[in-house]
Amino acid sequence: NTLKGHELMLETEKQTAVVLAAGVTPTDISMEFDGAYLVVGSDNKVYRYASGAFTAVDTPPQPPTDMIIFEQVGVEYAVVAYSNGTTSGMMYSTDGITFVDVSDNGTFLAIFDNKLIVYDDTPGNNNIRSTASITSPSFTNVVVNTQGTARSMTIFRDQEGQPSIW
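Summary of the structure given here. Since this is a predicted model, take the numbers as computed values, not measurements.

What about the overall build of the protein?
The helix and strand inventory of the protein stands at 1 helix and 14 strands. Buried positions account for 45% of the 166 residues belonging to the protein. Nonlocal contacts in the protein, meaning residues at least 24 apart in sequence, comprise 37% of its contacts between residues at least 6 apart. When the accessible surface of the protein is summed, it comes to about 9,000 Å², and 48% of that surface belongs to carbon and sulfur atoms.

If you want it as structure tokens, here you go:
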């Protein structure tokens with residue numbers, strides 16, 4: 001993997017002890033979105049960095065575990081997954097400021113063939129599924145993970161061109 005601009009910025013911030021708010025430092029969950037940076041703080045809030053300042057924009061009910069940009073019918077959505085290991089969920093935003101909760105579980109996120117791939121790593125679920133819509137999810141391709149718990153997810157095509165999820 002190569003460092004992207006936002007990853008480089010956040011690594012620099014971590015090295016220089018950037019503070020998002022009093023006593024709050026950046027975690028490794030971050031991305032550039034809609035002309036700003038979204039960063040999860042050590043207090044589990046989602047912060048937005050724009051115009052030279054960090055602002056807390058949302059506090060998910062569980063600690064954020066992943067975030068990704070998903071494009072749906074020409075509109076980009078910042079999607080944040082969150083989980084405490086027992087309960088998980090997702091939320092999305094079109095502006096990086098106001099988030100809408102999704103009534104489906106999700107711990108880790110990926111994009112493949114214009115679909116949002118969602119992995120729910122909570123007990124009794126362990127489902128990997130896909131949807132073409134974050135605003136009205138209808139999940140298909142449900143696969144149950146039997147390999148244990150996960151710490152992240154990536155998708156690629158193997159040598160035969162078939163999708164592989166790791």
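A word on the environment of Val 19
Mapping Val 19 onto the fold places it in the loop between α1 (5-15) and β1 (26-33). Looking at Val 19, the relative accessible area reads 47%, which means it is partly exposed. Along the chain, Val 19 and Phe 54 lie 35 residues apart, while their C-alpha atoms are 8.7 Å from each other. Once residues within four sequence positions are removed from consideration, Val 19 is found in contact with Val 24 and Phe 54.

Reading guide: rules and limits
Residues numbered from 1 in each chain as written. Predicted model: local features only at pLDDT ≥ 70, side-chain atom pairs only at ≥ 80, totals over all residues. Heavy atoms only, no water. Helix = DSSP H or I, 4+ residues; strand = E, 2+ residues; numbered from the N terminus. Buried < 20%, exposed > 50% of the residue type's maximum accessible area, 1.4 Å probe, protein only. Contact = heavy atoms within 4.5 Å. Areas by Shrake-Rupley, 256 points an atom, 1.4 Å probe, with all protein chains shown as cover.

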